[in-house]
Structures are given as C-alpha cells and as structure tokens.
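# Topology and contacts: notes
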Amino acid sequence: MSRLAALTLLAAAAATPAILVPAPALASPEGHGNNAQLLGQPAARGTGRVVRIEMTENAYSVPRIQVRAGETIRFVAVNRGQFLHEFSFAPAAVAAAHRPEMARMFEHGMITPERVVSLTMTMPDGTRMDHTAPNTVLVEPGKTGEISWRFTRAGTIEIACNIPGHYESGMAAELVVTPR
C-alpha cells in the first residue's frame, strides 16, 4: 500500500463518526479484556518462548499462532512497515469495542500515522484514555515491541491492529491456545 493510500485510509477512518459507548471489558484493570477472556495473565517481562511476528502494511507475518495452555510466550512484534502498528490480542468483540477508542486516540493526537505521541491523556470531557494494557503494544516503524504472557487455559482469540483502517485492511490473525 502506498504512503498516500495509507494516509488517505487513516484520514477517512478518523473522519468517520463513531458512536462511543462505555465498554466495561476495556475499563477493567487488566486492560483490553479481563484475564479470563485473555486466556491467562501477564508474565514477567522478557520471559517465555519467543514467538516473533513481523508487521507490515497491513499484515502480520503469520495468519495463526498456536500455543499450549500452561506455556509462557514472549511475543516479539517487529514493525517492518512505514506506519505505526498495534499488536494486541483479545476476543473479537473486545477488539471491535477497542477500535473506536483507537480512533479517538488518533483524533486527539495521542498517536499519528507514524508514531506514539502519548500513551495517556485526559480527554476534553475529563475522562482518561490510556494505552497501557499488558496484552497490547504499539510499535513505531523500525522498532520492536514485546509482550510476555502466561496462557492458563485453552481457547481462541484474535490478534489485531486496531489503528484506524488497519484491521479493516486485513491486519488480523488468530491466536489458538490448545489444551495441555
């Protein structure tokens, strides 16, 4: 995708009005979904079997990642693209509820097409927005982000880049946790 096409897509997504409703799963202390929904819990930073994912416009290098319940995984997300990307895993409904929040982050200057300006800010209405959940990382072009996670139960959730227009362009994958 050309830089102009990507910027046009981002601008269109940011200009599209979104109906924002409170999403209790997003407001939980665990972040974008609760730990039960996320099939586990955060692990100590830098621990676990390494699973490397490369991100480009607008794709992950793998369509599916399979791990075992009981396993600790260290996701290493490398941004090989020209734009900011997100590596985030959650149930599909939680990820869908997160996309309007990402659009608000873009609209209010927390993120730009290429970089993170701030991970936290107070909105004009007094609500606080942040992007510090342990199951998600924003990765600037040429940079690497990491998430260490211990999966405690089997299930399937979604990996998604929820930056405006990216998911809609196909930037999604499946995370399958198999029984022990």
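The protein chain has the name Copper-binding protein in an unreviewed UniProt entry, where Falsiroseomonas oleicola is given as its organism.

### Side note on the overall build of the protein chain
Per the secondary structure count, the protein chain includes three helices and twelve strands. Long-range contacts, defined here as pairs at least 24 residues apart, represent 74% of the contacts in the protein chain between residues at least 6 apart. Accessible surface, the protein chain: about 8400 Å² in total, of which carbon and sulfur atoms supply 55%.

### Quick look at the environment of T112
Here T112 shows up in the loop between α3 (92-107) and β7 (120-122). Classification of T112 by relative accessible area gives partly exposed; the value is 25%. Spatially, the C-alpha atoms of T112 and L84 are 7.6 Å apart, while their sequence positions differ by 28 residues. Excluding anything up to four places from it in sequence, T112 contacts L84, F106 and V117.

### Points about the sheet that holds strand β1 (residues 40-42)
The strand order across the open sheet formed by five strands is β1-β10-β5-β2-β3, and the pairing between neighbours is mixed. Every interior strand has two partners, whereas the edge strands, β1 and β3 (59-60), have only one.

### So, the side chain of H131
Among the structural elements, H131 can be located in the loop between β8 (128-130) and β9 (136-139). Within the structure, H131 has its side chain in polar contact with the side chain of E86 (distance 2.7 Å).

### Let's talk about the nonpolar core
One recurring pattern in soluble globular proteins: nonpolar side chains tend to sit buried together. Counting residues in hydrophobic clusters, the biggest one holds 39 residues, and the most contacted among them are Y60, F75, F87, F89, F151 and L175. Counting residues per element, this core draws most heavily on α3, at four residues.

### Comments concerning the environment of R52
Its location among the elements puts R52 in strand β2 (residues 49-56). Judged by its relative accessible area of 44%, R52 is partly exposed. Excluding its chain neighbours within four sequence positions, the residues that come into contact with R52 are S61, V76, V78 and R80. At a separation of 3.4 Å, a polar atom in the side chain of R52 contacts the side chain of E54.

What counts and what doesn't
- Residues numbered from 1 in each chain as written.
- Predicted model: local features only at pLDDT ≥ 70, side-chain atom pairs only at ≥ 80, totals over all residues.
- Heavy atoms only, no water.
- Helix = DSSP H or I, 4+ residues; strand = E, 2+ residues; numbered from the N terminus.
- Contact = heavy atoms within 4.5 Å.
- Areas by Shrake-Rupley, 256 points an atom, 1.4 Å probe, with all protein chains shown as cover.
- Buried < 20%, exposed > 50% of the residue type's maximum accessible area, 1.4 Å probe, protein only.
- Pairing = 2+ DSSP bridges.
- Polar contact = N/O pair within 3.5 Å; in protein donor to acceptor, adjacent residues only side chain to side chain.
- Core = buried A, V, L, I, M, F, W, Y, C linked by side-chain atoms within 4.5 Å.

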